[in-house]
Structure formats: structure tokens, C-alpha cells
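# Examining the three-dimensional arrangement
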Amino acid sequence: MSNRPTAGRARLALAVAVVLGGGALTALPAQAAPAADGLTVQYRTSASGATADQTEPWLKVRNTGSSTVQLSQVKIRYYFKADSPNTSYRFACSWAVRGCSAVTGTFGTLSNPTATADRYLEVGFTSAAGTLAPGADTGDLQLRFYQSNWQTLRQSDDYSFDGARTSYGDWDKVTAQLAGATVWGTAPDGNDPTDPTDPTDPPGGGQTLFDDFDYGSHTDPALSAHGWSVRSNSGGPGVPGATWDPSKVTFASAGGNSVMNLETSTAGTGASTTQTEVLTKSMKFRNGTYAARVRFSDAPKSGPDGDHLVQTFFTINDLKAPMADDYAEYDFEYLPNGGWGEPSNILYTTSWETYNPDPWQAVNQHSEQRSSYAGWHDLVVTIDDGAITYYVDGQLFGTHGAQYLPERPMSINFNQWLIDLNGQTSTTPRAYDQQVDYVLHVKDQVLTPAEVAAKIAGYRAAGTGFVDEVPAS
């Protein structure tokens with residue numbers, strides 16, 4: 001967090017996610033396809049009229065084969081007739097047992113249109129959806145789609161629609177593919193789901209911010225031109241009387257990549273304490289994927305250890321009034337020496353709805369892991385219309401609820417600061433480093449950690465050190 005006092009900070013632990021463990025980002029293992037009859041799709045609708053504000057296909061996928069299925073290899077197609085040739089559609093997930101953040105929806109145009117179908121909704125899954133064991137099903141996928149202009153749509157002439165189906169049953173007018181092979185259902189005549197088709201409404205967003213942090217110094221004109229601000233103004237968070245020193249933000253090479261280094265130092269007094277922060281000048285980031293590779297430090301690079309240090313990667317907007325409900329903040333915060341009542345190292349991910357600075361009151365949800373995170377880590381947080389999901393080194397760290405979703409755009413920030421001077425009372429100078437390898441934001445699209453790694457590798461292979469396609473909000 002960047003701009004509020006921390007004294008008496010209380011963390012409201014509404015839910016704590018289980019940490020699955022660390023490790024470098026790796027590609028998912030290949031999954032062998034089961035027998036051809038290994039999947040069935042069940043369907044019902046909760047909008048049964050001939051016309052509706054939105055079509056609501058609710059689905060379940062069942063594994064009737066003998067092998068475990070990786071859901072990220074499954075694609076389901078629901079076929080329909082567009083209300084007019086130029087109509088565009090939008091997809092939404094209302095609720096899913098596997099989590100809406102693990103469900104994707106895109107639209108395409110059929111190569112061979114029929115009287116009841118010229119478009120399809122293709123439903124897929126991210127790696128976060130996990131696997132489907134033999135005999136198991138996905139549980140409810142409560143899905144919907146609607147015209148972009150919210151005009152009433154006609155669904156009675158849609159190939160895959162049946163208004164009489166108000167309870168789940170096998171439905172062969174939707175198709176299922178596994179690893180590219182059709183294993184369930186019958187497509188409209190002349191439209192094999194494995195044939196190439198033309199996209200109509202690709203997923204919204206996709207504009208990207210990527211920065212490799214290849215700069216000469218904090219005064220490099222390119223740093224400001226690329227939208228970054230190096231903080232120098234006074235104020236919280238941190239030790240009263242501390243300053244934010246831009247000169248302590250430096251750039252170097254590590255492991256063949258350029259990195260940004262944030263140094264925080266103290267000699268045991270507020271006046272001797274310098275802290276560091278780098279943030280985007282624009283608040284234009286909201287839903288989508290945020291990622292950074294960050295090196296946390298357990299020990300100072302010089303001087304005695306023990307300070308209550310906070311090392312961060314987060315997004316935030318401004319609190320317009322105490323307990324304002326349009327505030328938003330999503331944090332990775334590493335405390336190498338504890339603090340906020342914790343005795344030793346702990347990593348938090350926290351999603352904020354709002355807070356009151358005085359008297360302190362917080363409305364948030366957090367996940368935590370009490371262990372050392374010294375060294376480099378790949379941090380990913382995704383925000384969609386249903387949840388906020390955090391990953392560390394490719395593993396799920398925590399999923400937070402829809403009540404914490406952002407109402408307004410945010411900035412992207414890194415900072416390193418001291419909670420207080422109680423952890424180490426020495427007046428001997430000491431200094432701590434936090435390093436950042438890259439930052440990535442993809443607007444309105446949820447990427448898996450593996451997809452993030454592939455995107456970063458692609459930029460680096462192409463020699464791209466910076467791109468910012470994200471429009472101003």
C-alpha cells in the first residue's frame with residue numbers, strides 16, 4: 001500500500017487460501033486424451049422465453065471416460081443465430097463451481113451458416129480450473145451472453161437453445177472438443193468444430209503494458225516518458241519523518257536482464273530513514289492480468305538486520321473519503337522480519353474494499369504464508385468480473401471474492417518502506433534492496449501464469465523492452 005498510515009493496522013481475514021507451494025513457472029504437462037466417448041455435456045437454461053435480455057446456457061461437463069481430463073484442453077461450443085449480421089455479443093459468467101475466473105468465453109462465425117446458426121460461443125477453461133477425474137463433472141457453469149447494445153435478442157431460432165430444458169440433461173446440440181478432437185455433440189450441418197472459423201468478437205481488451213526496466217537512472221527521460229513517476233513527496237506509509245528518495249531507485253543488470261533496484265535505509269530514526277517508491281502516473285488499469293518478477297530480501301545488504309520492512313507490488317486508487325466504496329487496492333506485501341503483530345517473515349496478498357484511517361477500520365480479504373520468500377518470484381494477480389486471484393511462482397496463492405472488485409481504475413506501484421523502528425533499535429546504518437525485473441498488464445484478459453511467462457519470453461525474444469497500448473481511462 002502506498003498512501004495511508006499503518007498504525008494499528010488490522011487485517012480482516014475473511015478467507016485464507018491454502019498455498020500450494022512455490023517453484024518456477026513451467027508449462028502444464030501434456031494430458032493424454034481419453035476414449036472418444038469420454039465427455040458428455042449437460043445443458044439447461046434459466047432464460048426460457050423466445051426472446052430475452054440475455055441468453056443463459058448453463059452447462060456441466062462430465063468425464064465418462066477412464067482417464068483424467070485436463071480442463072484447459074476442453075472447448076465447448078454453443079451455436080446460435082445472430083439477430084443481425086453486424087450484431088456483436090458479450091460473454092459473462094454468473095457463477096461456476098470451478099470459479100468464473102477459470103472460465104473463458106469467446107465468439108466465432110461459422111464457415112457454413114444455417115437457418116438456426118451462424119455464430120457460436122466457445123467456452124473454455126484456464127489451467128486454474130484443474131482436472132476432471134473419471135466419473136466427475138464440473139458442477140454448474142452458469143453462463144450468459146447478450147448483445148453489446150443490450151437490445152432484446154431472439155433465441156427461439158438458435159440451434160443450441162431449448163426453452164423446455166429447465167433442468168440438466170445430456171444435450172448433443174452443443175459440442176465438446178478435447179485436445180482439438182470433437183468428442184461430444186453434433187454441430188450444425190457442414191460445421192465441424194475442428195475446421196477453422198473466423199472470430200467475430202475476440203475477447204475484450206488485450207491492450208498491454210510491458211516494461212523491462214532498462215533505464216540509465218531515475219532521471220532517465222525515458223522513465224518519465226514511459227509513464228513512471230519516482231516518488232519524492234512526503235507522507236505515508238512508513239516511519240513518521242521518513243523521506244522518499246528518488247536517487248535510491250537505480251537500474252542494473254542481473255541474470256542477463258535489466259532490473260530496477262529500490263533501496264530503503266535507516267539509522268534508527270525517522271529523520272535518517274529513506275524509503276522508495278515507483279508508480280505509474282496514470283490511473284488507467286482495472287480488470288485483467290497484472291504480473292511482475294520481484295526479488296525479495298530477507299537480510300540487509302549492509303548493517304544489522306531486524307527492521308520491520310515491507311516489500312511490495314500492488315495496484316491502488318485514491319480514497320476519496322473514509323470508507324468510500326469505490327476505493328480499490330490489490331497487494332503483494334512481503335515482511336521479511338515480521339511486523340503488524342507477526343514475529344517473522346510472512347507474505348500477504350490483500351484485496352481491499354475500503355478503509356477508515358482514523359479510527360482505523362479495514363474492509364479487506366487476505367491470504368498469507370508464513371515462510372521465507374527471499375529471492376526472485378513471479379507474482380501474478382488477475383481481476384475479472386467474478387474474483388481476484390493471486391499466484392506466486394505459478395501456484396495459486398489465494399482467491400478473493402467479488403465484493404472486493406474495483407469500481408475505478410488504478411495505478412501500478414512498487415515500494416519498499418518501514419512499518420516502524422521497533423524491530424531493530426540500533427543507530428547503526430543499514431540498507432535493504434528490493435529488485436524488479438519486469439512488469440506486465442494485459443487489459444480485460446485473464447492469463448494463466450504460464451501464458452504470462454510465454455508473453456514475457458515473446459517480448460524478450462523480439463527485443464521489445466517497453467510497450468504501452470493501454471488507453472487512458
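Residues numbered from 1 in each chain as written. Predicted model: local features only at pLDDT ≥ 70, side-chain atom pairs only at ≥ 80, totals over all residues. Heavy atoms only, no water.

Right, let's talk about the sheet that holds strand β12 (residues 169-170) for a bit. Here 5 strands make up an open sheet; going across it, the order is β6-β10-β3-β1-β12 and the pairing antiparallel. Looking at which strands have only one partner, the edges of the open sheet turn out to be β6 (89-96) and β12. Sheet topology note: the strand β1 (residues 39-45)/strand β3 (residues 57-63) ladder contains 7 bridges and is antiparallel. If you follow Gln42 over to β3, its bridge partner there is Lys60. (Pairing = 2+ DSSP bridges. Helix = DSSP H or I, 4+ residues; strand = E, 2+ residues; numbered from the N terminus.)

Take unusual backbone geometry next. Residue Gly236 is joined to Pro237 through a cis peptide bond whose omega torsion reads 5°. Geometrically, the link from Asp358 to Pro359 is a cis peptide bond, its omega value of -5° lying close to zero. Phi angles above zero are rare outside glycine, and Ala179 is one such case at about 55°. Relative to the elements of secondary structure, Ala179 occurs in the loop between β13 (174-178) and β14 (181-184). Positive phi, normally seen in glycine, also occurs at Phe213, with a value near 55°. You can see Phe213 is positioned in the loop between β16 (208-211) and α1 (221-225). The exposure class assigned to Phe213 is buried, which follows from its relative accessible area of 0%. (Buried < 20%, exposed > 50% of the residue type's maximum accessible area, 1.4 Å probe, protein only.)

Let's shift gears to the state of the cysteines. Put plainly, a disulfide is one covalent bond tying together the sulfur atoms of two cysteines. Scanning all chains against the criterion turns up 1 disulfide. Here Cys93 is linked by a disulfide to Cys100, with a sulfur-sulfur distance of 2.1 Å. One disulfide, between Cys93 and Cys100, carries an S-S torsion of -70° and so falls in the left-handed class. Taking the relative accessible area as the measure of exposure, Cys100 reaches 13% and is therefore buried. (Disulfide = S-S within 2.5 Å.)

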